[in-house]
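Notes for the structure review
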Amino acid sequence: MSYVIGVDLGTSAVKTVLVNRSGEVVAEHSESYPLSQPKPGYSEQRPEDWVDATVISLKKLMHVSQAAPESVEGLSFSGQMHGLVLVDGEGAVLRPAILWNDTRTTQQCRRIEQQLQGRLLDIARNRALEGFTLPKLLWVQEQEPDIFARAVQLLLPKDYVRFRLTGQYAMDYSDAAGTLMLDVAGRSWSKDILDAFNLPEELCPPLVESFQHCGTLLPEIAEQSGLLSSTSVYAGGADNACGALGAGILEEGKTMCSIGTSGVILSFEERRDVDLEGRVHFFNHSEPDAFYVMGVTLAAGYSLDWFKKTFAPGISFQELLSGVEAVPAGSSGLLFTPYIAGERTPHPDAEIRGSFIGMDVSHKLPHFTRAVLEGITFSLRESVELLRASGKDVNTIISIGGGAKNEVWLQMQANIFNAEIVKLASEQGPAMGAAMLAAYGSGWFPSLQACAEEFLQEAVRYTPQPEVVEKYEELFKLYQDVYPQTQSLSAALAKHR
């Protein structure tokens, strides 16, 4: 028996999965690491924590599975996007990584817009938002010039881990598209963008395909992880691109809903020249010469996690969700907006904040819990509508992540999106996508599409319920009214944080 390993480097933990040639997950393991928030709006991690956790997770994966090291043909990565890692000439990290959900860079975003104006969307195909890598790099350039002067290479999170495992620098196109420095259609670092901010192109690593071979494990890493130093390592991809692979989003007409810390609505796109005016993200796919369009809710699963920790810390998530099926659609007049960390789509706004509206004494914990689920799903519905407005048919959506683990939430997605929701038989999200890249890179399949056909099977479908759909249509319009009415209030309250 031969295997590949998928490594998913998330915001709170790294997950590793061991997958055989049939796509069966033989073993999996997760290792968590801390998140640092030293100031309001700041979000950072120690890159070395990622490396340590990855090596430990690989070692435990091999121990639990009892797989022979020589049976593992390769491994690949999925990684949290946008995070900035700067290293010096010796490969040493210069400062903590600034993560995708860090919002300190509003001023740098305005600088990018002023400097590049319309050229930004023409080249990078995305707006200047706090989450992207370029604003973070400019913040370091302005606020920490000594560190910036010592930087020899910028890396994204998974690319730093891969560098530490192999000793080789590289970045794949799907992750590079989230830096705001890539010519997305031209598939090269943009000299125009780099020159506009006096950034040397040597700071950017070589660009590779997601399934491209990027070396083998360093001897010390192989010894620590229980693998062989001859184990092949493949580039990997951005978490959303890998999530799309793991859900089979590999052809036109396929759409995915992924609910993790953030929430994503993603659809395959083969047109490199489609003009979406920056309303949704446009990124390179891990599939060769393909793209995807995507809307993002910044605090999707994070909203539910925050709610539980704040209001129900003594119970499990299963207990928290156990009563929501008894609460009617609309949570008995209670509405939640998940703007607790700002928002991305359709409102690129770092200052907007969340709210519960319509509270009265009849509302209990299950009402609030259901309202949180509905609010997250309403936010994602806004991205669904943007895709429909671009001409896409969004009638069937494959749901992965935390939102696919609860039947009530899956049915809620079907009713709020007014689309059939598909749950996969074995859903491993981005980790499965990473494993598929390793399988394709190792020559197991002639294409990623062939790999998906072997690895992925549909388990169940949830169909919209017309009477509930109608009620949610009315509530969705009310949800959309909340943002413009709370925008100025949120900005005013920000001064008192």
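In this report, the structure presented in the accompanying data block is examined. The structure displayed is predicted, hence computed values, not measured ones.

Thresholds applied
- Every residue gets a number counted from 1 within its own chain, in the order that chain's sequence is written.
- For this predicted model, a pLDDT threshold of at least 70 governs which residues receive local features, and a threshold of 80 or more governs which side-chain atom pairs are given and counted, while totals over whole chains, interfaces and linings are taken from all residues.
- Water and hydrogen atoms play no part in the side-chain values, which are based on all heavy atoms of the structure.
- In this analysis, the protein atoms alone were mapped onto a 1 Å grid. Cavities are point sets where a 1.4 Å probe fits without being able to get out; pockets are open sets with protein on both sides within 12 Å along at least five of seven lines; lining residues have an atom within 4 Å of a point.
- Grid points are joined across faces, edges and corners, and a volume is the space filled by probe spheres set on the points.
- We count a stretch as a helix when DSSP gives it H or I for four or more residues in a row; a strand needs E for two or more, and each element gets its number in order from the N terminus.
- The classification used treats Ala, Val, Leu, Ile, Met, Phe, Trp, Tyr, Cys and Pro as nonpolar, Asp, Glu, Lys and Arg as charged, and all other residues, Gly among them, as polar.
- The cut-offs for exposure are 20% and 50% of the maximum accessible area for each residue type, with area from a 1.4 Å probe on protein chains only; residues under the lower value are buried, those over the upper are exposed, and the others partly exposed.
- Counting of polar contacts relies on pairs of N or O atoms within 3.5 Å, with two restrictions inside protein: one atom must be capable of donating a hydrogen and the other of accepting it, and residues adjacent in sequence are counted only when both atoms are side-chain atoms.
- Only heavy atoms enter the contact rule, under which two residues are in contact if any of them lie within 4.5 Å.
- Two rings belonging to Phe, Tyr or Trp (six-membered ring only in the last case) form a pair when the distance between their centres is within 6.5 Å. Interplanar angles under 30 degrees mark stacking, angles over 60 mark edge-to-face geometry, and anything in between is tilted.
- Salt bridges, as used here, are contacts in which a Lys or Arg side-chain nitrogen is within 4 Å of a carboxyl oxygen on Asp or Glu.
- How far a helix is expected to stretch is found by multiplying one less than its residue total by 1.5 Å.
- Two strands make a pair as long as DSSP finds a minimum of two bridges between them.
- To get an axis, a line is fitted to the C-alpha atoms, and for a helix only the part in contact is used. The angle between two axes follows their N-to-C directions and goes from 0 to 180 degrees.
- When the strands point away from the viewer and the connection leading from the first strand across the helix to the second strand turns clockwise, the crossover is called right-handed.
- Our angle categories are set so that under 35 degrees counts as roughly parallel, over 145 as roughly antiparallel, 65 to 115 as roughly perpendicular, and the remainder as oblique.
- A clockwise turn of the near helix away from the far one marks a right-handed crossing, whereas an anticlockwise turn of less than a right angle marks a left-handed crossing.
- Joining through side-chain atoms within 4.5 Å is the link that ties buried Ala, Val, Leu, Ile, Met, Phe, Trp, Tyr and Cys residues into a set, and such a set is a nonpolar core.

Describing the layout of surface pockets
Approximately 1600 Å³ is the volume found for the largest pocket. If you trace the largest pocket, you find 47 residues lining it, with S12, I259, G260, T261 and G402 closest to the centre. It is helix α11 (residues 301-311) that provides the largest number of residues to the lining of the largest pocket, a total of five residues. Considering only residue class, the lining of the largest pocket consists of 17 nonpolar, 21 polar and nine charged. Estimates place the volume of the second largest pocket at around 640 Å³. Along the wall of the second largest pocket there are 27 residues; nearest its centre are P40, G41, T103, A341 and R353. For the lining of the second largest pocket, the residue count by class is ten nonpolar, eight polar and nine charged.

Points about the side chain of S174
Among the structural elements, S174 can be located in helix α7 (residues 173-176). Here S174 falls in the buried class, since its relative accessible area comes to 0%. A distance of 2.4 Å separates polar atoms of two side chains, one belonging to S174 and the other to D172. Within polar-contact distance, the side chain of S174 engages the backbone nitrogen of A238 at 3.0 Å. For S174, the residues in contact, after removing those within four places along its chain, are M81, S210, G237, A238, A241, N284, H285 and S286.

Regarding empty space enclosed by the protein
A full pass over the atoms with the stated rule returns two cavities of 30 Å³ or more. Computed from the structure, the largest cavity encloses a volume of approximately 60 Å³. Lining the largest cavity are N126, R127, L129, G278, R279, V280, H281, R344, T345 and P348. Counted by class, the lining of the largest cavity contains three nonpolar, four polar and three charged residues. Looking at the second largest cavity, its volume works out to about 40 Å³.

Brief notes about the environment of P40
If you trace the backbone, P40 turns up in the loop between β3 (25-32) and β4 (44-45). For the pair P40 and D102, spaced 62 residues apart in sequence, the C-alpha separation works out to 9.2 Å.

What to know about the packing of aromatic side chains
To describe a pair of aromatic rings, you give the distance between the ring centres and the angle between the ring planes. Counted under the stated rule, the structure contains 18 aromatic pairs. Note on F307 and F356: the rings are 6.2 Å apart at their centroids and 55° apart in plane angle, and the pair reads as tilted. Within this pair, whereas F307 is found in helix α11, its partner F356 is found in strand β21 (residues 355-357), the two being separated by 49 residues in sequence. A residue is classified by how much of its surface remains accessible, and F307, at 2% relative accessible area, is buried.

Thoughts on the pattern of salt bridges
For the structure shown, the criterion picks out 27 salt bridges. For D102, the salt bridge is made with R104, and the minimal N-O distance between the two is 2.8 Å. We note that D102, like R104, is buried. Through salt bridges that share partners, E44, R95, D102, R104 and E144 make up one connected network.

Overview of helix α15 (residues 430-441)
Residues separated by three or four positions in an α-helix point in the same direction, a consequence of the helix having 3.6 residues per turn. Its twelve residues place the ends of α15 16 Å apart at the C-alpha level, agreeing with the 16 Å of an ideal helix rising 1.5 Å per residue. Of all twelve residues making up α15, eleven are buried, and the element is well covered by its neighbours. Of the residues making up α15, those classed as buried are P430, A431, M432, G433, A434, A435, M436, L437, A438, A439 and Y440. Directly beyond the C-terminal end of α15, a positive phi value near 85° is found at G443.

Observations concerning the sheet that holds strand β23 (residues 420-424)
Across the sheet, seven strands lie side by side as β18-β19-β17-β16-β22-β23-β24; this open sheet has mixed pairing. Across the chains shown, the open sheet's two edge strands, defined by having one partner strand only, are β18 (281-284) and β24 (458-462). If you compare each strand with its neighbour and ignore which way they point, the axes differ by 30° on average. Here five bridges tie strand β16 (residues 255-259) to strand β17 (residues 263-269), and the two strands are oriented antiparallel to one another. Residue pairing across strands places T255 opposite S267, the latter belonging to β17.

Notes on the pairing of strand β22 (residues 396-401)
Across the six residues of β22, five count as buried, placing the element largely inside the fold. Summarising the sheet, β16 and β22 pair through four bridges and their orientation is parallel. The residue of β22 that forms the bridge with M256 is I398. As for the winding sense of the linkage, the β-α-β connection from β22 through helix α14 (residues 407-417) to β23 is right-handed.

Description of the packing of α15 against helix α16 (residues 448-455)
Running from amino to carboxyl end, α15 crosses α16 at an angle of 125°, the nearest separation of the two axes being 10 Å. Classed by the angle they form, the pair α15 and α16 counts as oblique. Along this stretch, α15 crosses α16, giving a crossing that reads as right-handed. Counted together, M432, M436, L437, A439 and Y440 of α15 and L448, C451, A452 and F455 of α16 form the full contact between these two elements. Split into classes, the residues belonging to the contact of α15 with α16 amount to nine nonpolar, no polar and no charged.

Let's talk about the nonpolar core
Core analysis: the largest hydrophobic core is formed by 144 residues, its most contacted members being I5 and F417. For this core, the element with the highest residue contribution is helix α13 (residues 365-389), accounting for nine residues.

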